[in-house]
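Each chain, written out:
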2 protein chains.
Amino acid sequence: MASSRRQTLTLRRVAIDTFRENVAYLHRDCALYRAEGFQALAKVEISGRGRRILAVLNVVDDPQIIAPAELGLSAQAFDQLGLAEGRPVRIAHAEPPTSLAAVHRKIAGEVLRHDELAALARDIVDNRYSKMEMAAFLVACSDNGLTREEVLSLTRAMVETGERLDWGEPLVADKHCIGGIPGNRTSMLVVPIVAAHGMLIPKTSSRAITSPAGTADTMELLARVELSPKRLHEIVRRHRGCLAWGGTARLAPVDDILISVERPLSMDSRGQMVASILSKKVAAGSTHLLIDIPMGPTAKVRTMREAVALRKLFEFVGDRLGLHVEVIITDGSQPIGRGIGPWFEVRDVMQVLHNDPDAPQDLRQKALRLAGRVIEFDPDIRGGQGYTVARDILDSGRALAKMQAIIQAQGPSQSEVEPGRLRRVVKAERAGYVVAIDNLRMAQIARMAGAPMDKGAGVDLHRKLGERVKKGDALYTIHADFRSDFRFAVDLAERDNGFRLGSEPPAQVDDGLVY
Amino acid sequence: MASSRRQTLTLRRVAIDTFRENVAYLHRDCALYRAEGFQALAKVEISGRGRRILAVLNVVDDPQIIAPAELGLSAQAFDQLGLAEGRPVRIAHAEPPTSLAAVHRKIAGEVLRHDELAALARDIVDNRYSKMEMAAFLVACSDNGLTREEVLSLTRAMVETGERLDWGEPLVADKHCIGGIPGNRTSMLVVPIVAAHGMLIPKTSSRAITSPAGTADTMELLARVELSPKRLHEIVRRHRGCLAWGGTARLAPVDDILISVERPLSMDSRGQMVASILSKKVAAGSTHLLIDIPMGPTAKVRTMREAVALRKLFEFVGDRLGLHVEVIITDGSQPIGRGIGPWFEVRDVMQVLHNDPDAPQDLRQKALRLAGRVIEFDPDIRGGQGYTVARDILDSGRALAKMQAIIQAQGPSQSEVEPGRLRRVVKAERAGYVVAIDNLRMAQIARMAGAPMDKGAGVDLHRKLGERVKKGDALYTIHADFRSDFRFAVDLAERDNGFRLGSEPPAQVDDGLVY
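What counts, and where the lines are drawn
- Residues numbered from 1 in each chain as written.
- Chains lettered and ligands numbered in written order.
- Predicted model: local features only at pLDDT ≥ 70, side-chain atom pairs only at ≥ 80, totals over all residues.
- Buried ≥ 20, exposed ≤ 12 C-beta atoms within 10 Å, placed from the backbone.
- Helix = DSSP H or I, 4+ residues; strand = E, 2+ residues; numbered from the N terminus.
- Arc of directions from axis to C-beta.
- Contact = placed C-beta atoms within 7 Å.
- Least-squares fit on C-alpha atoms with pLDDT ≥ 70 in both.
- Domains from an automatic or database assignment.
- Pairing = 2+ DSSP bridges.
- Axes fitted to C-alpha atoms, helices over the stretch in contact; angles between N-to-C directions.
- Nonpolar A, V, L, I, M, F, W, Y, C, P; charged D, E, K, R; others polar.

Time to look at helix α3 (residues 100-107) of chain A. The set of residues buried in α3 of chain A consists of L100, A102, V103, K106 and I107 of chain A. Axial view of α3 of chain A: buried residues confined to an arc of 150°, hence all on one face. Buried positions along α3 of chain A lie against α4 (114-125) and α5 (131-141) of chain A together with α5 (131-141) of chain B. Following α3 of chain A by one or two positions, G109 of chain A has its phi on the positive side, about 95°.

Dropping the structure here:
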């Protein structure tokens, strides 16, 4: 055999961001490897100096992008391999991940054991799965594809393949909403209220993937959210709470990878959702968790039967993992508050914290009810008294003071954001009552307008469910900064503005009601 | 609004071959579109001059690859859009394909109607599906996920979304093997025998995707296989047969797209397979079709029960489409012939055509039996006489003469291929009988050695099932041309050489037996 040195290519970084899919670039005229031979395969393995990653192969015909003696890696793949440009690397056919056999068994309807799901989670976190393969797994798990024992195993496997935080206290509270309701920014109220009560609530949130704002995107308008685990601990120990981005600690990383496939597929499998939420919470060191399941005709959960089945699944898995889980089912029939998009949601939250009489009452009521339930995790609080405790904290200004302390501790934001300058007022086409507001549509319009990347983009609601309107009354205003985004959002609203008007008021209008 | 001209980017071709996934490249600092806003989405829509395509978006940070005012398209995407470089193009958020709702219904276990499957096939052929979304559909259809009526609808929809050939004759024969058996190059014998009998057999074949050789890859060693539909018609009319690549006519293009996802996933769903094969044959204008289902421990079909269920599904769909289908179940316990890989398979085929006494008898017998059954589609041939007719044609040299005529007509190949110069003889580690040869392993070794891209790469078998060997006897030789390929193949054979030796001869050894 020739010396192995002759079989290497020179590593080069290709400045292409391929969004959670590693791509390797090989010139078609590479003298060492037959580019076409690799291409039909799901993955190739790139290695050098004892390090290895898996990637999809693209064949390049332009030596400007990659020369025949070079091997290019997309930005993320290059970082993952962790070698400098110019280093020698080699390519090999990647064996399909061993755990793919379990995926095929799952597709065939079989029940997987914990060790199989654990091996699968390890292969996913090692980046051995292509997006197609993950899609196959997710579909096989969808609907009733996972038994509750499998959901438990998957949750455990997702926790085990990442880091875990330990706060060194017996009661670490958290709250989580399953999502789907625009403007539902209750965490930014619950955290300061609960922390002001003295209970530990180190809230780490995600950024939005396909929704117009995540708590991290919104909080970022006020303070830094990317904090080192060390800094996070200091802040939480001092202030009893934080509102940070969860991405700096590698908590249940498998979940982030699966979500990047699940979201574009619009797949929302119950088992997957429970595993995703609970694995993140257990990894984040929570001991007591309140889950909010909004229910409504355009919410993720549309009937009480579904809501109860989901509640029981959360309880089953939570109990087995030693996590105290309480689930409440809330009104998900319309957006919460008035703003959709980071700037508008911050405005709503700050109005509530300032006890502004114009503050959206549904957001205030919902936040108080949730905070009250979290406060009742405190053994010293009598059942049913949490709401009153929470209201006292909010009304007295202690919640606002706590929020300001958290902002100072995390580092106040310097950026001056204004609502998007491009504006379109969407008006009622007839007189009547607002009988329905489509959550999905409103989220989509705000997203198209540029939220959450553009902090000032989004939707400002002027009317809510049950209100009476005259023809031509403003229903909401779309705000954007980029002309192309503005056009996309306005086009969408022109096709269907998400509001349904009727001649009679809707049967029942809730004000942040908790069922 | 600003004039729409201001919202365009300049089209540029990016010389990257992304293998059946359209990719668009946008600079991160593009002033018109927020690159990150698009990225989590499954697809974006690129349009210009009334043409539009869908693509996945990659964000670029290197102006050498794409400048901020440009929009790049990968090689295939650029061809699909069909506009010249420098033209103005625009980007929009692609709506998820409408038919994705049907995929979600299928995932939930519902049965789809013909119109839903037809809409799905149109969306796939219009490239509206991402690979992830197709993987979701394929998984939902896997195993018993499709009823036989759905398989029929899907087959029809796949035919309707492509071109159809019409040969203007009442009997157009074809044969097809479901695959999985290396060296099984019977088409190159059946076609000349059947055409020499005078029956029309215009065989269009695929290239190998994940196997070491397709009939098109192998025939290419002897003659041109990429023929225009017009030229194909002339040849077939004159010679009654051809051995061409099917890709020049757009026959059931949905099938090619689904296969590009299915193969790397190693998904072989029965319904999908039947729809794939029959849609191609109906589109190719066949009226009578013989299907070969090899059965064996390492074949695609492993039990007689599976084989019979598959046979019935072929018959059901074939009958409804007015295609006369006959199915035979053959011995799939080991590779057919001696060679695996284009050069070696051509050698085996030519030995049989020349009535060489050294010709592999299993390949000769199997080809004669299949040709005999096809010839019996002729109403003038008495049932059971096909084999004798076929044998007479082969023995008399008329099959060879017909093959030579077809080669001349298609255009003889000029390239001189030799068996790969890098060789490794794999030897018996003990004395005994060959009791098993793993089809999958042998195919994988030949594929790694470079087949079918390197025509001289592959495996030459020296021993077959039931033969007695001494320790150190040569079992097979691996041939390769590229050092890296050679290394991959040898490594694979060293880990498991695919042969199992035992002390007793295997219970029953077939010689190309047809059950």
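We are not done yet, so read on.
The transformation that overlays chain B on chain A combines an axial shift of 0.0 Å with a rotation of 180°, and the residual RMSD is 0.1 Å. The superposition of one copy onto the other is thereby described by a two-fold rotation axis. Proximity to the rotation axis, assessed at the C-alpha, singles out M132 of chain B in chain B; its C-alpha lies 2.4 Å from the axis. A share of 100% of interface residues in chain B that are also interface residues in chain A marks the association as one of identical surfaces.

Accessible area lost during the coming together of the parts is what is often quoted as the interface size. All names here are of chain A. Taken domain by domain, chain A holds domain 1 (4-93), domain 2 (100-160), domain 3 (173-410) and domain 4 (422-502). On a C-alpha basis, the centroid separation for the pair domain 1 and domain 2 is 29 Å. Between domain 1 and domain 2, the contact holds eight residues from the first and six residues from the second. No other element matches strand β5 (residues 51-60), which puts three residues into the side of domain 1 that touches domain 2.

The next thing to look at is the sheet that holds strand β13 (residues 339-340) of chain B. Residues and elements named next belong to chain B. What the four strands build is an open sheet, ordered β13-β16-β18-β14; its pairing is antiparallel. Only two strands of the sheet have a single partner each, and these edge strands are β13 and β14 (422-427). Direction of pairing for strand β16 (residues 458-461) relative to strand β18 (residues 474-480): antiparallel, over a ladder of four bridges. Paired with G458 across the two strands is H479, which belongs to β18. Lying on the sheet, helix α17 (residues 439-448) is in contact with β13, β16 and β18; it crosses β16 at an angle near 130°. Taken strand by strand, helix α18 (residues 483-495) contacts β14 and β18, and its axis lies near 155° from that of β18.

Each partner contributes to the interface: chain B provides 53 residues, whereas chain A provides 53 residues. Going through the elements one at a time, β2 (16-17), α1 (35-39), β5 (51-60), β7 (88-93), α5 and α18 of chain B are the ones with two or more residues in the side of chain B that touches chain A. At seven residues, α5 of chain B tops the list of elements feeding residues into the side of chain B that touches chain A. Residue composition of the side of chain B that touches chain A, by class: 30 nonpolar, 12 polar and 11 charged. One ladder, built from two bridges, connects β5 of chain A with β2 of chain B; its direction is antiparallel.

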